Amino acid sequence: ALGTAVLHIEAPADDTPSLHLLETGGFQVVRKYVSMRWAAGYVPPADPPTGFRLRSFGAAGDLEALTRLQNAAFQGNWGFCPNTAQDVDARLNFTTCDPEGVLFITHGDRLAAYNWTFRAGTSGWIGMTGVHPDYRGKRLGKAVVLAGMDYLVSRGVRNIELESDEQNVQAVDIYRSTGFDVVRRTLWFEKSLSC
């Protein structure tokens, strides 16, 4: 009725009954994701390269700039749909989101990379990490992840979790290098709904 052409569903990689149900229902595996966890420990300093600096969300125009950055960073990635400023604003107003926990690396007045954190009590999550295509290859990803981790730890978080596409080897390597370990794997299934 909504005109949806494709349906996606995620299931734990070790949940044999669910995997069987999806496969017999015509779903096919299209992506493998890893859930990763960091447990309390040392967070190295987030040292952006010369000419770049760290700051939190909150300056005039940040909502629109974050929307543009997020859309540019994830354009063409599997499962990503471009966001509007209203979508981003709604997410900023989640009870688990503190806008100060959205960390940017800037280059002049441009946003080059971001790390979006969430927290509840002593548990934290990295929701998204993105680098603008113009700034890839400048080692900003690890620096902005460390900034997000430092922010969460400074707020009393003892465990941080995230999810990443296993095919995004560069992202998984960054998370591993900052102390995250894989704790579970999930599979994304897809089914075409067109006749």
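Above this note sits the structure.
Residues numbered from 1 in each chain as written. Predicted model: local features only at pLDDT ≥ 70, side-chain atom pairs only at ≥ 80, totals over all residues. Heavy atoms only, no water.

**Things to note about the sheet that holds strand 8 (residues 181–192)**
Then comes step 1: Pairing is mixed across the open sheet formed by 8 strands, whose spatial order is 1-8-2-7-6-5-4-3. Where the open sheet ends on each side, the last strands, each with one partner, are strand 1 (6–12) and strand 3 (53–56). When the angles between neighbouring strand axes are averaged without regard to direction, this sheet yields 25°.
Then comes step 2: Bridging between strand 2 (residues 28–39) and strand 7 (residues 159–165) involves 7 bridges; their strand directions are antiparallel. Opposite valine 34, over in strand 7, you have serine 164 as the bridge partner. (Pairing = 2+ DSSP bridges. Helix = DSSP H or I, 4+ residues; strand = E, 2+ residues; numbered from the N terminus. Axes fitted to C-alpha atoms, helices over the stretch in contact; angles between N-to-C directions.)

**Observations concerning unusual backbone geometry**
Then comes step 1: With a phi close to 65°, arginine 139 is a non-glycine residue in the positive phi region.
Then comes step 2: Judged by its relative accessible area of 74%, arginine 139 is exposed. (Buried < 20%, exposed > 50% of the residue type's maximum accessible area, 1.4 Å probe, protein only.)

**A short note on the packing of helix 4 (residues 140–154) against helix 5 (residues 169–177)**
Then comes step 1: Contact geometry of helix 4 with helix 5 gives a least axis separation of 10 Å together with a crossing angle of 45°. One finds that helix 4 runs oblique with respect to helix 5. For the pair helix 4 and helix 5, the crossing hand works out as right-handed. Side by side, helix 4 and helix 5 meet where Gly141, Lys142 and Val145 of the first sit next to Ile174, Tyr175 and Ser177 of the second.
Then comes step 2: The class makeup of the residues in the contact of helix 4 with helix 5 is 3 nonpolar, 2 polar and 1 charged. (Parallel < 35°, antiparallel > 145°, perpendicular 65-115°, else oblique. Left-handed = near helix turned anticlockwise from the far one by under 90°. Contact = heavy atoms within 4.5 Å. Nonpolar A, V, L, I, M, F, W, Y, C, P; charged D, E, K, R; others polar.)

**Quick notes on the nonpolar core**
Soluble globular proteins tend to pack their nonpolar side chains together in the buried interior.
Then comes step 1: If you look at the biggest cluster of nonpolar residues, it comprises 20 residues, and the most contacted ones within it are Met36, Ile126, Met149, Ile160, Tyr175 and Phe180.
Then comes step 2: Every element with two or more residues in this core is listed here: strand 2, helix 4, strand 7 and helix 5.
Then comes step 3: A total of 6 residues in this core trace back to one element, the largest contributor, which is helix 4.
Then comes step 4: In this structure, Leu69, Leu92, Val102 and Phe104 belong to the second largest nonpolar core, which totals 19 residues. (Core = buried A, V, L, I, M, F, W, Y, C linked by side-chain atoms within 4.5 Å.)

**Points about the packing of aromatic side chains**
Then comes step 1: On inspection of all chains with the given rule, the structure shows 9 aromatic pairs.
Then comes step 2: Relative to phenylalanine 80, the ring of phenylalanine 74 lies with its centre 5.6 Å away and its plane at 35°, an arrangement referred to as tilted. Neither residue differs from the other here; phenylalanine 74 and phenylalanine 80 are each classed as buried.
Then comes step 3: Among the aromatic residues, ring-to-ring pairing joins Tyr33, Trp78 and Trp188 into one connected group.
Then comes step 4: Note that arginine 91 overlies the ring of tryptophan 116, its terminal NZ or CZ placed 5.3 Å from the centroid. (Phe/Tyr/Trp six-rings, centres within 6.5 Å; stacked < 30°, edge-to-face > 60°. Lys NZ or Arg CZ within 6 Å of the ring centre and 35° of its normal.)

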